[in-house]
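Single-letter residue listing:
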Amino acid sequence: MNQHQDDDRELIDCAREARERAYVPYSGFRMGAAVRTVDGSIRPGAVVENVSLGLAMCAERIALFASTAVGDARPVALALVAPRTDGVLTYPCGACLQVALELGGSELTVLVADADGDSVERATVGELLPKGPKKG
Ligand SMILES: [Zn+2]
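A few points on the structure. Quick caveat: nothing in here was measured; it's all calculated off a predicted structure. (Residues numbered from 1 in each chain as written. Predicted model: local features only at pLDDT ≥ 70, side-chain atom pairs only at ≥ 80, totals over all residues. Heavy atoms only, no water.)

A few points about helix α3 (residues 94-104)
So, point 1. Burial in α3 covers these residues: Cys 96, Leu 97, Val 99, Ala 100, Leu 101 and Gly 104.
So, point 2. Where the residues of α3 are buried, they touch α2 (59-69), β3 (75-81), β4 (109-113) and α4 (125-128).
So, point 3. Downstream of α3 by one or two residues, Gly 105 has phi in the positive range, about 85 degrees. (Buried < 20%, exposed > 50% of the residue type's maximum accessible area, 1.4 Å probe, protein only. Helix = DSSP H or I, 4+ residues; strand = E, 2+ residues; numbered from the N terminus. Contact = heavy atoms within 4.5 Å.)

This is the structure in structure tokens:
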């Protein structure tokens, strides 16, 4: 493996570990995420549900917000580990992509992996959300 692949594997492993901490008593749909910053810091996130269902928060946004909250440098990659949705790898929702666009820009790399962390696909936020509003 080259350094790039090692970095991706480390990020996916962090997301997979965070997935184990997901709080999902209502859906049972475990999702974990991890953000890597331009200087190499990694922050995990896990989905957190609530009996007031609309208050649930995606793993990806928790990771992005946590990274911001501790003063990390700009995020450059976001990994999501989740069960497949309708047979295909699960990608971040539109809200999470918009937050990733705001904090990391359109070149931020999105890595998605299945629950085992084995099948991996990658794309940029700009590819996944090409017309998302950007800060000027
Ligand atoms: Zn989301």
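Remarks on the sheet that holds strand β5 (residues 120-124)
So, point 1. Strand order in the open sheet formed by five strands is β2-β1-β3-β4-β5, and the pairing between neighbours is mixed. The open sheet has two free edges, formed respectively by β2 (42-46) and β5, since each of these has just one partner strand. Strand after strand, the sheet turns through a mean of 20 degrees between neighbouring axes, direction not considered.
So, point 2. With five bridges connecting them, β3 and β4 associate as parallel partners. In the strand pairing of β4, Ala 77 is matched with Thr 109.
So, point 3. Those strands touched by helix α1 (residues 3-20) are β1 (32-37), β2, β3, β4 and β5, and its axis lies near 140 degrees from that of β1. (Pairing = 2+ DSSP bridges. Axes fitted to C-alpha atoms, helices over the stretch in contact; angles between N-to-C directions.)

Details of the pattern of salt bridges
So, point 1. Across all of its chains, the model carries five salt bridges by this definition.
So, point 2. Across the pair Arg 9 and Asp 13 runs a salt bridge, and its minimum N-O distance is 3.5 Å. Taken together, the residues Arg 9 and Asp 13, both in helix α1 and four residues apart, mark about one turn of the helix.
So, point 3. In this structure Asp 13 comes out as partly exposed when scored by relative accessible area, which is 23%.
So, point 4. When the shortest N-O distance is used, the salt bridge between Arg 16 and Asp 13 registers 3.2 Å. With a gap of three residues between them, Arg 16 and Asp 13 both fall in helix α1, about one helical turn apart.
So, point 5. When salt bridges that share partners are traced, they join Arg 9, Asp 13 and Arg 16 into one network. (Salt bridge = Lys/Arg side-chain N within 4 Å of Asp/Glu carboxyl O.)

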